Amino acid sequence: MPGFVLLARERADGVADMRIGYTVTKKIGNAVVRNRMKRRLRALARDVLPEIGLPGCDHVLIGRSGGIERDFAQLRADLVKALQKLSR
């Protein structure tokens, strides 16, 4: 199971800019754990979205409990796979 869920919604404003949002619920852990997860999600977005993100879309990454322990390379591969699936 991936360490996050990706949601993407196309905006109808005609602007090709990509926007990104992050959310991690309290079920994941205390504030230290949630902030660590958000930092990992931000790093993923900086790394992957400029290359294969969907232009003109809002992207939301929702952190899940497996994301803290999961290897960063595996998280990156999961995000690339999810974006490729959405682009079809």
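Everything that follows concerns the structure shown earlier in this document.
A brief report on the enclosed structure follows. Predicted model only: the values in this text are computed from it and were never measured.

### Points about the packing of aromatic side chains
So, point 1. Within this structure, the stated rule accounts for zero aromatic pairs.
So, point 2. Against the face of Y22 rests R42, its NZ or CZ located 5.6 Å from the ring centre.

### Notes on helix α1 (residues 31-52)
So, point 1. Its 22 residues place the ends of α1 31 Å apart at the C-alpha level, agreeing with the 32 Å of an ideal helix rising 1.5 Å per residue.
So, point 2. The sharpest bend along α1 comes to roughly 30°, located at R46, with the proline P50 sitting one to four residues further on.
So, point 3. For α1, the complete set of buried residues consists of R34, M37, R40, L41, L44, A45, V48 and L49.
So, point 4. At its buried positions, α1 is contacted by β1 (4-10), β2 (19-24), β3 (57-63) and α2 (72-87).

### Observations concerning a positive patch on the surface
So, point 1. A contiguous patch of positive charge on the surface is contributed by R36, R39, R42 and R46.
So, point 2. Take R42: it is sitting in helix α1.

### Considering the sheet that holds β2
Think of a sheet as strands paired side by side through backbone hydrogen bonds, with each pair either parallel or antiparallel.
So, point 1. Reading across the sheet, the three strands line up as β1-β3-β2 and stay open at both edges, with mixed pairing between neighbours. Of all strands in the sheet, those bounded by a partner on one side alone are β1 and β2. Adjacent strand axes in the sheet meet at a mean angle of 15°, parallel and antiparallel pairs treated alike.
So, point 2. Two elements, β1 and β3, share seven bridges in a ladder whose sense is antiparallel. By the bridge assignment, R9 is partnered in β3 with D58.
So, point 3. In the packing of α1 onto the sheet, contacts are made with β1, β2 and β3, and the angle to β2 comes to roughly 155°.
So, point 4. α2 rests against β1 and β3 of the sheet, and its axis sits at about 30° to β1.

### Some details on the pattern of salt bridges
So, point 1. Under the criterion given, the structure shown has six salt bridges.
So, point 2. In this structure, R11 engages D13 in a salt bridge whose closest nitrogen and oxygen atoms are separated by 3.3 Å.
So, point 3. Judged by its relative accessible area of 11%, R11 is buried.
So, point 4. Overlapping salt bridges, with partners in common, bring together R11, D13, R19 and D58 in one network.

### Thoughts on the nonpolar core
Generally speaking, a soluble globular protein has its nonpolar side chains buried in company with each other.
So, point 1. Counting residues in hydrophobic clusters, the biggest one holds 16 residues, and the most contacted among them are F4, L6, L41, L44, L61, L79 and L83.
So, point 2. Counting residues per element, the ones that place at least two in this core are β1, α1 and α2.
So, point 3. Among the elements that make up this core, the one with the highest residue count is α1 (six residues).
So, point 4. Discounting chain neighbours no more than four positions away, the residues touching F4 are L41, L44, L61, I62, G63, R64, L75, D78 and L79.

Conventions and cut-offs
Residues numbered from 1 in each chain as written. Predicted model: local features only at pLDDT ≥ 70, side-chain atom pairs only at ≥ 80, totals over all residues. Heavy atoms only, no water. Phe/Tyr/Trp six-rings, centres within 6.5 Å; stacked < 30°, edge-to-face > 60°. Lys NZ or Arg CZ within 6 Å of the ring centre and 35° of its normal. Helix = DSSP H or I, 4+ residues; strand = E, 2+ residues; numbered from the N terminus. Expected span 1.5 Å × (residues − 1). Bend = angle between axes of the 7 residues up to and from the residue. Buried < 20%, exposed > 50% of the residue type's maximum accessible area, 1.4 Å probe, protein only. Contact = heavy atoms within 4.5 Å. Patch = residues over 30% accessible without salt bridge, like charges linked within 9 Å, V, L, I, M, F, W, Y side chains within 5 Å. Areas by Shrake-Rupley, 256 points an atom, 1.4 Å probe, with all protein chains shown as cover. Salt bridge = Lys/Arg side-chain N within 4 Å of Asp/Glu carboxyl O. Lys, Arg positive; Asp, Glu negative; His and termini not counted. Charge placed at Lys NZ, Arg CZ, Asp CG, Glu CD. Pairing = 2+ DSSP bridges. Axes fitted to C-alpha atoms, helices over the stretch in contact; angles between N-to-C directions. Core = buried A, V, L, I, M, F, W, Y, C linked by side-chain atoms within 4.5 Å.

What is shown is where atoms sit, not what they do.
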